[in-house]
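# Residue-level structural notes
Each chain, letter by letter, is given below.
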Amino acid sequence: MRELGMALRAAATVFRWCIWILGTALLGILALRRATRVAWGWDAIVGESARCPRGHRNVLVGVWECRSCGSVFEGWAFRPCPVCGESAHYVSCERCGLSIKSPAAP
Ligand SMILES: [Zn+2]
Ligand SMILES: [Zn+2]
């Protein structure tokens, strides 16, 4: 009967490990979800649109030409150019032409 007791204890240990791993995985998933939400929050901060000084709304996601090297890239207006790494400090309002400053600009 001693073997049976040992087997049961081993089984209980394995069971506890399973619970622990499941719990850890669950916590990991929850943390990951929170991180994703923070990333989404960041997305809202960088913004897919911005207003010029006159209040015109401009979409900041599209096709842009790098002012530094002239290459054309797609995405957020203020992202670094994939060719030269330079990022725009401003974009011009499509309605009035006033400059909309990049949040990354000094
Ligand atoms: Zn460039
Ligand atoms: Zn404007």
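All of the points below concern the structure found in this document. (Residues numbered from 1 in each chain as written. Chains lettered and ligands numbered in written order. Predicted model: local features only at pLDDT ≥ 70, side-chain atom pairs only at ≥ 80, totals over all residues.)

Turning to the overall build of the chain, a few remarks are in order. Counting its secondary structure elements, the chain contains 1 helix and 6 strands. Sequence-ordered secondary structure for the chain, helices as α and strands as β, is α-β-β-β-β-β-β. When the 106 residues of the chain are sorted by exposure, 5% land in the buried category. Partitioning the intrachain contacts of the chain with sequence separation of at least 6 by distance along the chain shows that 25% fall at a separation of at least 24. (Helix = DSSP H or I, 4+ residues; strand = E, 2+ residues; numbered from the N terminus. Buried ≥ 20, exposed ≤ 12 C-beta atoms within 10 Å, placed from the backbone. Contact = placed C-beta atoms within 7 Å.)

Sheet analysis places strand β3 (residues 61-65) next to strand β4 (residues 72-76), joined by 5 bridges and oriented antiparallel. Looking at the pairing, Glu65 lines up with Val72 of β4. Here β3 folds back onto β4 in antiparallel fashion, the turn holding 6 residues, of which Gly70 has a positive phi close to 85°. (Pairing = 2+ DSSP bridges.)

To continue, consider the environment of Ala88. Its place among the elements puts Ala88 in the loop between β4 and β5 (90-92). Here Ala88 falls in the buried class, since 22 other C-beta atoms lie within 10 Å of it. Considered as a pair, Ala88 and Ala77 are 11 residues apart in the sequence and their alpha carbons are 7.2 Å apart. Not counting the four nearest positions on each side in its chain, Ala88 is found in contact with Arg67, Ala77, Phe78 and Ser102.

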